[in-house]
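As a plain string of letters, each chain reads:
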Amino acid sequence: MALDSKIPQGELSQKWTKYKANCKIVNPANKRSIEVIVIGSGLAGASAAASLGELGYKVKCFCFQDSPRRAHSIAAQGGINAAKNYQNDGDSVYRLFYDTIKGGDYRAREANVHRLAEVSANIIDQCVAQGVPFAREYGGMLSNRSFGGTQVQRTFYAAGQTGQQLLIGAYQALERQVALGNVTMYSRHEMLDVVVIDGKARGIIARNLVSGKLERYFGHAVLLCSGGYGNVFYLSTNAMGSNVTAAWKAHKKGAYFGNPCFTQIHPTCIPVSGDHQSKLTLMSESLRNDGRIWVPKQQNDNRKASDIPEDERDYYLERRYPAFGNLVPRDVASRAAKERCDAGYGVGTSKQAVYLDFAAAIERYGKIECNKHGNHNPDAATIDRLGKEVVKEKYGNLFDMYAKITGENPYEVPMRIYPAVHYTMGGIWVDYELMTTIPGLYALGEANFSDHGANRLGASALMQGLADGYFVIPYTIGNYLADDIRTKAIPTDHPEFVKAEQEVADRINRLMSIKGKQSVESLHKRLGKIMWDKCGMARNEQGLKEAIEEIRALKKEFWSDLFIPGTVEGMNTELDKANRVADFIELGELMCMDALERRESCGGHFREESQTEDGEALRHDDQFMYVSCWESTGDSQWTLHKESLNYEVIKPTQRNYK
Amino acid sequence: MEHYNMNLTLKVWRQQNAQSQGQFETYQVKDISSEMSFLEMFDVLNEQLISEGKEPITFDHDCREGICGACSMFIDGQPHGPWSETTTCQLHMRQYKNGDTIVVEPWRAKAFPVIKDLMVDRSAFDRIIQAGGYISVNTGNAQDANCLPIAKDKADESFAAAACIGCGACVAACKNASAMLFLSAKVAHLALLPQGEPERRSRVMNMVEQHDKEGFGACTNTMACEAECPKAISILNIRRLNAEYIGAVSSGRD
Amino acid sequence: MNWKQAFTSSIGKKLVMALTGVFLILFLIVHCYVNALVFLEWFGPLGRGYKAYEGAAHFLGSNPLTRIAEIGLLAGIILHIVQGLMLFFDNKTKRPVDYNVHPGNKSSKWYSRSMGLLGTLILLFLVLHLYHFWVPNRYQQLVTGHEKDLYLLMELTFKDLWVVIVYILGCISLAYHLLHGFWSAFQTLGLSTKKYTGLLRCVGTVYSIVIPLIFIAMPLSFYLGLLPDAETARAATQTLAH
């Protein structure tokens, strides 16, 4: 099948405007008889379900959690970017577009990213109108801060809980549509297959996680808003329940998977403390606004941080990247941390950590506060006290979280941080309209591959999720559904529904009947270790080949020695997990294959064979200027299709943050 | 911080489903690290149960960083356990010492029926929001965000109320199983903003009505909710809710 | 929105409690003021307290307005009691399966959780109190048109140690009831704002201690003979008049 990205003709800045002016629309009366299924209730899912409900479509929205408000978008901390230029610091749609393309190391589609930058401003307007309490200045205007990979202040935020506030806004809009009867919410339901009839996505099979029953739902179109797949690494900043199953089922049914190996490793997370670790906790990138990252200049230095004098500290990001300093993009910061730790400069008991230090910020803010109070000869204690108050107001919740997890007081001793899996730029391949290679099946938000290339900039995930849900899909879905207004709701006793349900039931029965010895969790942990060691922050050919073999062996073990207690009937959380891990194992294999195939370094994908003299990622635009689109052709079998990336406006160069 | 290992006795509520009778089961767990979170300790116990061929304990949890509001255990008489302003997932085992016995129960409320073991149904909260916990603005309606200046203190106060994670600890802690703190946080969040003004009267009336319909009790101002709230939502919000209610009741408008 | 809904929702019921509560708080001030007049015996010539107290009691007892207010007061008390009991029993049904381990005093004060119990104790005390004073006085007023010598009635009533103990216990119950109820009423009425909540709590605490203490002082003083007997006091008023 030839890939058509359906990018509109014309000048880049006019593409979206022209598209909107020319796309087909469904009239209000017809919308009432068209049903749309939305999988997931995070920023993308909730905003899409709410917006489509407002338009008059009949929406069914599914989430595996007990409430749509629990979706993992809620945990996003730092902020959301928008090209508002409220700070008068030279921001513009073009600059946001340029930063995002460059941040993504020139592996994203220009047209998509430009559209994202265009609608970014509308998102802030919409969220404020919904009552999202963004941080404000004393004059009542919205406040901004900086994030990595940019030199302007364009990040809007609500303390360290921006994702929560945005999701609550979208959730409230969604619940309003539920109250109005436009959206039906199915909580504690997990999508286990997509139903394709005559080549079009026409429904899903979902498992009611409380009753354990399989249920069939029809929709004229199906939207996957099911998030990313970072949990393939077992340890990540994702929620425990975040999974790839919905996207993977779509992939197995024909949707291509784009750039699966593009994984974002976030530089500032709380380090692993032991084998019991169930997840990793992010310390927001916003901390890099004020915190300075350093390691001792001496290898294997076992002194306490406070005992290491200033001139024996290596502020390696400021040293290596003077222009961006501590605010280099995530992939760069993560690799630099790994490089220092691998070279023996790591700190803490595990030596797999670097310091994130607020002492300088506390002193700086303390002095500013003293000046404000007219105290021009303050003593050190006053500066310290006032400085800590400012830091507490800015980052208090993050500092509290750090203290609870580690038992250390970050106001007194520097935080220890280390990179961790955070986000997946890869995902289901979609065209400009966010449609996958299965007609009628869409992917939004982190679930799709589209906007972040090989590396996502901070505060851009929230922007993309909401852009897709609020401002893109309401237009593009009409363009498809306008041809579907004569299609009556297909009864769910259609043979394809019956067949799909049977397949799901068979797989569940197969899982239950293995009756081996190993728990899902233990197998998932082993998968995670393979992925982290061999397909993590640095990858090489040999490691990836080994990983593929190991994963195949693990898959065999999984299907022959898994033990799931309980029964198929009723709630069975082990069965839920087994369903997800089975898909993670298959995905892991594909990720390694993709990483193996892409013999270049770009963004978060670092092939050790391809680096510059000073250890930066080295792209090979001549060979790899494309999106890898994997088509599933059978068990452990894929065919690679390539969507070449044509840069019309930006000229790709070696990224430089120096 | 010194690390240590401990052995513990756990008394956990087990209940097969909503219809069945539940009972406490006693379990021993060994070599629990003081660095584990409370839920990681439960992971260890569950792995142990699975290795014995038994069903693991079902409990709600997701983000494990204190923000999604899914986790919901009533630990030794306190929702989310003994640490203040902390969810169960952020409670860490250095709170406990070797030989301790910990009793873990589900949230108990008429409006929160048990689904299985420690998992309860909190969909009543969603229905309270459906009754009016939003601003009726369709996508695309919005004017420029900075056209509407909002005083910083108002915005901050609104944010503090909006920080509610909807976990239900307030209901679990309240002797009347009242959801007033949850309800008031949403009413206050929206009432403090100019955007919330047009619907403020109908919002408070409808949300209170739904709150009562769901089977939550009436607030008697014991303040247990505030003390147990993992996000330190203030009872000043309940004050505001009451004022909003009186305003709506006494309003001359129909 | 209608008035019925306004007062029957969970907040509406609380509003009834708060409004009647504030009314009773105000009543207690009047009651306490009038009763405290007897202590003027300690601050002036013999009979001064007796005279002031009897004068005030007579003024209230013979004034038709107070008769009307009394009906209002009775209605307020009954409403407070009935609504309070209904709330108590209704709230009890909201947690059909109780916890095995109770939070105890970790997150709330015992008296805040025991308003129903404290209220019931106060009700029992109130019945006794009315039986001691209000009923005989109104009865005599009805039959003879004259009021009783209430000072004398107090003196006689508080001769019994057990009566004094019951009164002290009743007033302690009242103190704790007020310790929660005073601020709680203002919270329910939406008046306990960030700015005023500290002040209201402070005033509430002082009120909850001072008023019951003054009430306790009366039976205690009579029992311990710290106040002159009615006969002596009345006799002294004759000389005071001249």
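Here we summarise the structure given alongside this text. The residue numbers shown here count from 1 along each chain, following its written sequence. In the order they appear in the text, chains get letters beginning with A and ligands get numbers beginning with 1. For a predicted model such as this one, the threshold for reporting local features is a pLDDT of at least 70, and the threshold for listing and counting side-chain atom pairs is 80 or more; totals across whole chains, interfaces and linings nevertheless cover every residue. Think of the side-chain values as coming from all heavy atoms in the structure, minus any hydrogens and water.

Turning our attention to the overall build of chain C. Summing up its helical and strand segments, chain C has 10 helices and 0 strands in all. Along the first, second and third principal axes, the C-alpha set of chain C runs to 65 × 40 × 35 Å. Partly exposed describes any residue whose relative accessible area lies between the buried limit of under 20% and the exposed limit of over 50%, with all areas from a 1.4 Å probe on protein chains only and scaled to the type maximum. For chain C, the residues scored as buried account for 46% of the 242 residues in total. When the accessible surface of chain C is totalled, it reaches about 13,000 Å², and 73% of it is carbon and sulfur. For the purpose of charge, His is not counted, nor are the chain termini; Lys and Arg are scored as positive and Asp and Glu as negative. By convention, the point assigned to a charge is CZ for Arg, NZ for Lys, CD for Glu and CG for Asp. Distance between charge centroids for chain C: 20 Å, based on 19 positive and 11 negative side chains. Helix and strand assignments come from DSSP, with helices taken as H or I runs of at least 4 residues and strands as E runs of at least 2, each series counted from the N terminus. The method behind every accessible area is Shrake-Rupley, applied with a 1.4 Å probe, and residues are considered shielded solely by the protein chains displayed.

Residue and element names in this part refer to chain A. For salt bridges, the criterion is a side-chain nitrogen of Lys or Arg within 4 Å of an Asp or Glu carboxyl oxygen. For the coordinates displayed, the defined rule picks out 81 salt bridges over all chains. A salt bridge links Arg202 to Asp484, with the nearest nitrogen and oxygen atoms 2.6 Å apart. Placement of the pair is Arg202 in strand E7 (residues 200-208) and Asp484 in the loop between helix H12 (461-481) and helix H13 (495-514), with a sequence separation of 282 residues. Judged by its relative accessible area of 2%, Asp484 is buried. In this structure, the salt-bridge partner of Lys367 is Glu363, at a minimum N-O distance of 3.1 Å. With Lys367 and Glu363 both in helix H10 (residues 359-372) and 4 residues apart, the pair spans about one turn of that helix. On the accessibility criterion, Lys367 (41% relative accessible area) is partly exposed. Overall, Glu363 belongs to the partly exposed group, its relative accessible area being 41%.

We now examine the packing of helix H3 (residues 48-62) of chain C against helix H7 (residues 150-157) of chain C. Residues and elements named next belong to chain C. Remark: H3 packs on H7, axes separated minimally by 9 Å, with the N-to-C direction vectors making an angle of 110°. On the basis of their axis angle, the class for H3 and H7 is roughly perpendicular. Between H3 and H7, the contacting residues are Tyr50, Tyr53, Glu54 and Ala57 on the first element and Leu150, Tyr151 and Met154 on the second. Under the scheme applied, nonpolar residues are Ala, Val, Leu, Ile, Met, Phe, Trp, Tyr, Cys and Pro; charged residues are Asp, Glu, Lys and Arg; polar residues are all the others, including Gly. Residue classes in the contact of H3 with H7 are distributed as 6 nonpolar, no polar and 1 charged. Working convention: axes come from line fits to C-alpha atoms, limited for helices to the stretch in contact. Angles between N-to-C directions cover 0 to 180 degrees. Roughly parallel means an angle under 35 degrees; roughly antiparallel means over 145; roughly perpendicular covers 65 to 115; every other angle is labelled oblique. The criterion used for residue contact is that any of the two residues' heavy atoms lie within 4.5 Å.

Reports of interface size often rely on the accessible area that becomes lost once the parts have come together. Facing 72 residues of chain B, the contacting portion of chain A comprises 76 residues. Defined in terms of a 1.4 Å probe, buried area is the accessible area two parts forfeit on being brought together, summed over both. Between chain B and chain A, roughly 6,000 Å² of surface is buried when both sides are summed, and carbon and sulfur atoms account for 53% of that area. The tally of links from chain B across to chain A stands at 5 salt bridges. Residue B:Arg122 pairs with A:Asp66 through a salt bridge whose shortest N-O separation is 3.3 Å. Contributing elements (two or more residues each) for the side of chain B that touches chain A: helix H1 (38-51), strand E6 (114-116), strand E7 (119-120), helix H2 (123-130), helix H3 (152-162) and helix H5 (180-191) of chain B. In terms of residue class, the side of chain B that touches chain A is made up of 33 nonpolar, 21 polar and 18 charged.

Quick look at the arrangement of the chains now. The top pair by number of contacts, from a total of 2 pairs of chains in contact, is chains A and B. In this structure chain A stays clear of chain C, and the shortest span between their C-alpha atoms is 19 Å.

What follows concerns unusual backbone geometry. All names here are of chain A. Residue Ala459 is not a glycine yet carries a positive backbone phi of 65°. Within the secondary structure, Ala459 is located in the loop between strand E17 (441-443) and H12. Residue Ala459 is classed as buried on the basis of its relative accessible area, which comes to 5%.

Moving on: a nonpolar patch on the surface. Residues and elements named next belong to chain C. For patch detection, residues must exceed 30% relative accessible area and be free of salt bridges, and they are connected within 9 Å for like charges or within 5 Å for nonpolar side chains (Val, Leu, Ile, Met, Phe, Trp, Tyr). A cluster of nonpolar side chains, namely Trp42, Phe43, Trp110, Leu161, Ile165, Leu169, Ile172, Tyr176, Leu220, Tyr223, Leu224 and Leu226, defines an oily patch on the protein surface of about 1,100 Å² accessible area. Every element with two or more residues in the nonpolar patch is listed here: helix H8 (161-188) and helix H9 (194-223). When residues of the nonpolar patch are assigned to their parent elements, the largest contribution, 5 residues, is made by H8. Look at Leu169 and you get exposed, because its relative accessible area is 51%.

With that settled, consider the pairing of strand E12 (residues 292-296) of chain A. Residue and element names in this part refer to chain A. Judged by how many residues are buried, E12 sits mostly within the fold: 4 of 5 residues are covered. Note on pairing: DSSP must find at least two bridges between two strands before they are called paired. Of the strand pairs in this sheet, E12 and strand E14 (residues 354-357) are connected by 3 bridges, and their pairing is antiparallel. Across the sheet, residue Arg292 finds its bridge partner in E14, namely Asp357. With 2 bridges connecting them, E12 and strand E13 (residues 313-314) associate as antiparallel partners. Note that in E13 the partner of Pro296 across the bridge is Arg313.

Let's shift gears to the sheet that holds strand E6 (residues 189-197) of chain A. Residue and element names in this part refer to chain A. Strand order in this open sheet of 3 strands is E6-E7-E8, and the pairing throughout is antiparallel. The open sheet terminates on both sides in strands that have one partner only, identified here as E6 and strand E8 (214-218). Shown here is a sheet whose adjacent strand axes are inclined to one another by a mean of 25°, direction ignored.

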